[in-house]
Amino acid sequence: MWRRTFCTSALKNNNNKKWDALVIGGGHNGLTAAAYLAQSGLSVAVLERRHIIGGAAVTEELIPGFKFSRCSYLQSLLRPSIIRDLELHRHGLKLLKRSPSSFTPCLDGRYLLLGPDAELNHSEISKFSTRDAEAYPRYEKQLENFCKFMDPLIDSSPPEAHQGASSFNSRIKHKLQKSEFWAHCLHQSVSMGQQGMVDFMDLLLSPASKVLNNWFESEVLKATLATDAVIGSTASAHTPGSGYVLLHHVMGETDGDRGIWSYVEGGMGSVSKAIGSAATEAGATIVTDAEVSKLIIEDSGTVAGVILGDGTHVHSSVVLSNATPYKTFMELVPKNVLPEDFSRAIKHSDYSSATTKINIAVDKLPQFKCCDIGYPEAGPQHMGTIHIGSESIEEIDSACQESMNGLPSQRPVIEMTIPSALDKTISPPGQHVINLFVQFTPYKPNDGSWEDPAYRESFAQKCFTLIDEYAPGFSSSVIGYDMLAPPDLERIIGLTGGNIFHGAMGLDSLFLMRPVKGWSNYRTPLRGLYLCGSGAHPGGGVMGAPGRNAARVVIEDIKG
């Protein structure tokens, strides 16, 4: 793919060229948008600020011989239709299914394994509750039905009210599209039945703890499932609406298997590389080290291109921004050109974060004392997501409350993954790559600063020490690590506030409310400017849907 990846000199040499479309940001959504635009015959350039494409879905060799999925670290949400449309497997995408997919060690010597094997799940859950073991398949089936209901909503542009002046035919077409959308939703609702819809609304509106308490009695099972309801957010499992976040994280699939998360061979950067390869094959140009400093806006309020940090003007009548809504509208758009109510809504959206990512190189696998297995090879406990410090929902809530009070959690909630247990391409033989997704860590802690190396080291060691409780000797296996606290995620990756979803995924910021009320269909108050990142519908995760859906809207607007 690198044959069509350029530096900014390529733009300077074509300073008079006017592109059909420009994409700000070479994250996976921006690359997806570019691929669909290029396939439609439009000339498109992707402008990536960093030296490498991928955004948060990136692989970097930060320690010699160890390749880290530096931010996002698992794949499931990438829409199957995008994988098919862009032929991503042909472009090198290789998914490594995890089985078992989840391991929760307990300090009392027990553990819980979960995965796609129904017999394993029944056996494992029965160690804690036979009632829960019987209920679990019904719980999974219900979530699967809810995901099927959500699928068409994810793959469609929201039925936003018509914006701006347009022809009579365009207005009629828009009304027909909205009617078709709502008719489909009604049909889906009727198919689900009244009880199904009541259960669905209960999941959307309730705290995840309430949902899980209604299903199960085992604390370790509820806590294991509850981590999906708080991951990437500042919320507790007791927060109303956290049930939707739980659903959001189980609505994906791997090669047709619903709810299965996978590693990607070569790290998550391989997802971005595959999409980038499809885009360049279709004719898109990808430019790295090309930071956009401002959008060019004509007096009529129409986009005319962008200005790069080095002063280069790049011309286009269409710009798609894969940056966060705050970055796009508060920093890249010139002052006083947006409606005041729109600017106010964007400015005051929730971009808070309590997430820290720690990428670790180790010289051996962690040995969990609850398993009592004394050989160095990878076992089932190493394959999936390892839940550290999550033996009860109350433990998760306590960690959250500390962060809300301005302090990093004393016993952080940690999701540990060891991709090198399955992927032999990312670490030296006998050594391993470990990802820690850590919560809850405030953006501005009251007891110190993330800018202080000693403070950062202290927190990292706190995480390692907690893991030592479950896997003695883990700390001594660490060769080196890279830590991204919320301000680092903002500065390096461009995530406003460090929020991995480009903005909170609460019920007040989804669907017709994302990024703000009245502007959910990827268009913006500036003619020719579109939002194509996770800050748009349907939200965050390595999904590709915002990029694909936005590209379809652009193509419709350009080609009628």
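Residues numbered from 1 in each chain as written. Predicted model: local features only at pLDDT ≥ 70, side-chain atom pairs only at ≥ 80, totals over all residues. Heavy atoms only, no water.

This part covers the environment of Gln 177. Inspection of the secondary structure puts Gln 177 in helix α6 (residues 168-205). Residue class for Gln 177 comes out partly exposed when judged on its relative accessible area of 34%. Taking the C-alpha atoms as reference points, Gln 177 and Glu 556, 379 residues apart in sequence, are found 12 Å from one another. (Helix = DSSP H or I, 4+ residues; strand = E, 2+ residues; numbered from the N terminus. Buried < 20%, exposed > 50% of the residue type's maximum accessible area, 1.4 Å probe, protein only.)

To continue, consider the nonpolar core. Leu 37, Leu 88, Leu 93, Leu 295, Val 306, Leu 320 and Phe 329 are the most contacted members of the largest nonpolar core, which has 70 residues in total. Top element by residues in this core is helix α2 (residues 28-39). It accounts for seven residues. For Leu 93, the residues in contact, after removing those within four places along its chain, are Leu 78, Ile 83, Leu 88, Val 264, Ser 270, Val 271 and Ala 274. One finds Leu 204, Phe 216, Tyr 263 and Ala 399 within the second-largest nonpolar core, a separate group that totals 61 residues. (Core = buried A, V, L, I, M, F, W, Y, C linked by side-chain atoms within 4.5 Å. Contact = heavy atoms within 4.5 Å.)

Close approach of charged atoms allows side chains of opposite charge to pair. Under the criterion given, the structure shown has 21 salt bridges. Here Arg 79 makes a salt bridge to Asp 155, at a shortest N to O gap of 3.0 Å. Of the two residues, Arg 79 sits in the loop between β6 (66-69) and α3 (80-85) while Asp 155 sits in the loop between α5 (130-154) and α6, which places them 76 residues apart along the sequence. The salt bridge involving Asp 155 is made with Arg 548; its shortest N-O contact spans 2.7 Å. In this pair, Asp 155 is assigned in the loop between α5 and α6 and Arg 548 in helix α17 (residues 545-559), connecting sequence segments 393 residues apart. Given a relative accessible area of 24%, Asp 155 falls into the partly exposed group. (Salt bridge = Lys/Arg side-chain N within 4 Å of Asp/Glu carboxyl O.)

This paragraph deals with the environment of Glu 281. With respect to the helices, strands and loops of the structure, Glu 281 is situated in helix α10 (residues 269-281). Note on Glu 281: relative accessible area 44%, which makes it partly exposed. In terms of polar contacts, Glu 281 uses its side chain to reach the side chain of His 91, at 3.5 Å. (Polar contact = N/O pair within 3.5 Å; in protein donor to acceptor, adjacent residues only side chain to side chain.)

The full count for this structure, using the stated rule, is five cavities of 30 Å³ or more. By volume, the largest cavity is sized at about 80 Å³. If you tally residues by element for the lining of the largest cavity, the top one is β6, at three residues. Looking at the lining of the largest cavity residue by residue, the classes come out as eight nonpolar, three polar and two charged. (1 Å grid on protein atoms, 1.4 Å probe; cavity = no way out; pocket = protein on both sides within 12 Å on 5 of 7 lines; lining within 4 Å. Points joined across faces, edges and corners; volume = space filled by probe spheres on them. Nonpolar A, V, L, I, M, F, W, Y, C, P; charged D, E, K, R; others polar.)

This part covers the sheet that holds strand β14 (residues 292-297). Reading across the sheet, the four strands line up as β2-β16-β15-β14 and stay open at both edges, with mixed pairing between neighbours. Whereas interior strands pair on both sides, the edge strands pair on one side only; in this sheet they are β2 (18-19) and β14. (Pairing = 2+ DSSP bridges.)

Across the interface, α2 lies against α17 with an axial gap of 7 Å and an inter-helix angle of 35°. Considering only the axes of α2 and α17, their crossing is right-handed. Seen from α2, the contacting residues are Asn 29, Thr 32, Ala 33, Tyr 36 and Leu 37; seen from α17, they are Ala 545, Pro 546, Gly 547, Arg 548, Ala 551, Val 554 and Ile 555. (Axes fitted to C-alpha atoms, helices over the stretch in contact; angles between N-to-C directions. Left-handed = near helix turned anticlockwise from the far one by under 90°.)

This paragraph deals with the packing of α2 against α10. Interhelical geometry of α2 versus α10 gives an angle of 20° and a closest axis separation of 8 Å. As far as their axial angle goes, α10 and α2 are roughly parallel. Regarding α2 and α10, the two cross each other, and that crossing is left-handed. Every residue of α10 that contacts α2 at His 28, Leu 31, Thr 32, Ala 34, Ala 35 and Ala 38 is listed here: Ser 272, Ile 275, Gly 276 and Ala 279. Looking at the contact of α2 with α10 residue by residue, the class counts come to six nonpolar, four polar and no charged. (Parallel < 35°, antiparallel > 145°, perpendicular 65-115°, else oblique.)

Strand order in the open sheet made by the seven strands is β9-β8-β19-β20-β21-β18-β22, with mixed pairing throughout. Two strands in the sheet have a free side with no partner beyond their single neighbour: β9 (111-114) and β22 (478-484). Taking the axes of each pair of neighbouring strands and ignoring which way they run, one obtains an average angle of 20° across the sheet.

A cis amide bond links Ser 99 to the next residue, Pro 100, at an omega of -5°. Examined against the element boundaries, Pro 100 turns out to sit in the loop between β7 (95-97) and β8 (102-105). A cis amide bond links Gln 439 with the next residue in sequence, Phe 440, at an omega value of 15°. For Phe 440, the position within the fold is in the loop between β21 (432-439) and α15 (453-470). Unlike most non-glycine residues, Glu 87 shows phi in positive territory, near 50°. Note that Glu 87 resides in the loop between α3 and β7. Backbone geometry at Tyr 522 places phi at a positive 80°, although glycine is not the residue there. Relative to the elements of secondary structure, Tyr 522 occurs in the loop between α16 (486-493) and β23 (529-531).

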